[in-house]
Amino acid sequence: MMNYSLILFLSVLLLQGCDSEKSATITEHTPEIIFDTDMGPDYDDVGAIAVLHALADSGECEILATVASDAHPSIAPTIEVFNRYFGRDSLPVGAAIPGAPDFTAANGWNDTLINNFAPDLRMKSYPSAVNVYRRILAGQPDNSVTIVTVGFLSNISALLDSQPDEYSELNGVDLVKAKVKQLVAMAGGFPEGGEFNVNQHAAASINTFDKWPKPILFSGFEIGSKIFTGGKAGARTGNDPVTKGYAYNLKTYTKDGESNRQSWDQTAVLVAVRNPSDYFYVNGPGKFEVREDGYNTWNPTVDAGHYFISHKYPYDHIAEAIEMLMLHQPR
């Protein structure tokens with residue numbers, strides 16, 4: 001099987017055109033990440049943002065911005081709680097667009113973390129995620145940004161439909177085509193399925209995956225559902241939002257409690273920053289197709305620049321790698 005890094009490189013060349021000027025913009029560099037998360041209603045997002053900050057602290061990536069794809073008023077402040085904990089107070093945070101799904105978990109874990117760690121954020125106003133996207137993308141080198149989405153596709157769909165503004169004379173599709181290297185999405189099921197991030201805002205998912213002009217790498221539901229983490233983080237002593245987030249949710253998220261939680265969102269962050277072939281098989285190219293009801297299928301006969309990961313190692317092997325990153329604490 002061809003190495004994914006080579007596949008991605010060739011796909012970018014194909015999608016951007018093969019003239020020397022465009023080819024010269026493709027360089028090896030530290031991944032620059034915009035992280036788009038629903039940060040609830042499930043709580044694997046806690047692990048995902050912890051993994052992302054751990055990778056940034058080790059110099060493996062740079063975080064450019066963090067945006068909420070869930071419109072519930074507790075989501076953007078929760079993201080900022082984690083950014084502050086990891087010492088990135090100035091990191092841009094965007095709020096979900098109007099019309100995005102708007103709900104969170106029944107156990108109220110978002111409010112619990114905000115109240116404990118940053119009650120001042122409750123009254124804070126956040127810019128639109130699309131505004132953050134356009135401002136950040138316009139200031140980056142061509143073909144340099146990896147967008148990681150572990151929630152609804154609402155913001156990304158709106159970004160693609162956005163028009164020229166004070167940040168860029170390009171429309172959304174052309175701005176993405178110019179500035180983005182790839183999209184990594186925790187979305188869908190392979191070879192078919194009905195997955196939460198896709199079907200809760202199906203129209204946005206269809207628009208995104210039909211219009212997206214650059215390569216996409218998917219981590220489907222079946223990947224994270226087999227990888228269990230969080231028990232070690234929740235068992236730590238300490239007053240920090242990662243420890244408290246897992247300790248609280250492991251006890252209260254389900255009726256009977258649980259010792260670990262599935263790791264859907266962490267897998268997308270991991271393969272966005274590190275070589276996905278070091279952890280998983282990479283399949284494709286093909287095309288990720290979404291029906292009006294949000295059910296998805298994989299079409300291997302069409303090359304749309306879409307790829308998906310499948311399991312290579314025993315589940316515990318990946319869980320250990322993810323958990324080690326989740327246990328990272330800022331200096």
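Keep in mind that what you see is a predicted model, and the values were worked out from it rather than measured.

**Q** Run through the overall build of the protein chain, naming residues and quoting values.
**A** Of the regular secondary structure elements, the protein chain holds 15 helices and 12 strands. Compactness check: the protein chain gives a C-alpha radius of gyration of 18 Å against a globular reference of 20 Å for 331 residues, within 12% of the reference. Overall, the C-alpha framework of the protein chain stretches about 55 × 45 × 40 Å when taken along its three principal axes. Burial statistics for the protein chain: of 331 residues in total, 57% are counted as buried. Intrachain contacts of the protein chain at a sequence separation of at least 6 include 81% that bridge at least 24 residues. As displayed, the protein chain offers around 13100 Å² of accessible surface, 51% of which is attributable to carbon and sulfur atoms.

**Q** Give a detailed account of the packing of aromatic side chains, specifying residues and quantitative values.
**A** Applying the stated criterion across every chain, the model contains 15 aromatic pairs. Summarising the aromatic geometry, the rings of F209 and F288 are spaced 4.9 Å apart at their centres and angled 75° between planes, so their arrangement reads as edge-to-face. Of this pair, F209 sits in helix α10 (residues 202-211) while F288 sits in strand β10 (residues 280-290), placing them 79 residues apart in sequence. Of the two residues, F209 and F288, neither departs from the other in class, the shared state being buried. Each residue in the set F190, F209, F218, F288, W298 and F308 is aromatic and connected to the rest through ring pairs, giving one cluster. The residue whose ring lies beneath K312 is Y281, and the NZ or CZ to ring-centre distance is 5.3 Å.

**Q** With reference to specific residues and values, describe the layout of surface pockets.
**A** The volume enclosed by the second largest pocket comes to roughly 250 Å³. Forming the boundary of the second largest pocket are 19 residues, of which E195, F196, N197, F221 and W264 lie nearest the centre. Elements with a minimum of two residues in the lining of the second largest pocket: α3 (44-57), β6 (192-193), α9 (196-199) and α14 (264-273).

**Q** Tell me about unusual backbone geometry, residues and numbers included.
**A** A cis geometry characterises the amide bond from G40 onward to P41, with omega recorded as 10°. Position of P41 among the secondary structure elements: in the loop between β1 (32-37) and α3. Here F190 and P191 are connected by a cis peptide whose omega angle stands at 10°. With respect to the helices and strands, the residue P191 is situated in the loop between β5 (180-186) and β6. Its identity as a non-glycine residue notwithstanding, M39 has a phi of 40°, on the positive side. Examined against the element boundaries, M39 turns out to sit in the loop between β1 and α3. Under the relative-accessibility criterion, M39 is labelled buried at 0%.

**Q** Give me the pattern of salt bridges: which residues, what numbers.
**A** Scanning the model with the defined rule gives 13 salt bridges in all. The shortest N-O distance in the salt bridge between R84 and D120 comes to 2.9 Å. With R84 in helix α4 (residues 75-85) and D120 in the loop between α5 (109-117) and α6 (129-138), this pair connects stretches of sequence that are 36 residues apart. The partly exposed category is assigned to R84, whose relative accessible area is 30%. Each of the salt bridges in this network shares a partner with another, and the network as a whole consists of E80, R84, D120 and K124.

**Q** Residues and numbers for the side chain of D44, please.
**A** Locating D44 in the fold gives a position in helix α3. The side chain of D44 is buried and forms no salt bridge, while R261, the nearest opposite charge, is found at 6.0 Å. Polar contacts involving the side chain of D44 include one to the main-chain amide nitrogen of D265, which spans 3.0 Å. Not counting residues up to four positions away in its chain, the partners in contact with D44 are Y246, Q262, W264, D265 and Q266.

What counts, and where the lines are drawn
Residues numbered from 1 in each chain as written. Predicted model: local features only at pLDDT ≥ 70, side-chain atom pairs only at ≥ 80, totals over all residues. Heavy atoms only, no water. Helix = DSSP H or I, 4+ residues; strand = E, 2+ residues; numbered from the N terminus. Rg over C-alpha atoms; globule rule 2.2 N^0.38 Å. Buried < 20%, exposed > 50% of the residue type's maximum accessible area, 1.4 Å probe, protein only. Contact = heavy atoms within 4.5 Å. Areas by Shrake-Rupley, 256 points an atom, 1.4 Å probe, with all protein chains shown as cover. Phe/Tyr/Trp six-rings, centres within 6.5 Å; stacked < 30°, edge-to-face > 60°. Lys NZ or Arg CZ within 6 Å of the ring centre and 35° of its normal. 1 Å grid on protein atoms, 1.4 Å probe; cavity = no way out; pocket = protein on both sides within 12 Å on 5 of 7 lines; lining within 4 Å. Points joined across faces, edges and corners; volume = space filled by probe spheres on them. Salt bridge = Lys/Arg side-chain N within 4 Å of Asp/Glu carboxyl O. Lys, Arg positive; Asp, Glu negative; His and termini not counted. Polar contact = N/O pair within 3.5 Å; in protein donor to acceptor, adjacent residues only side chain to side chain.

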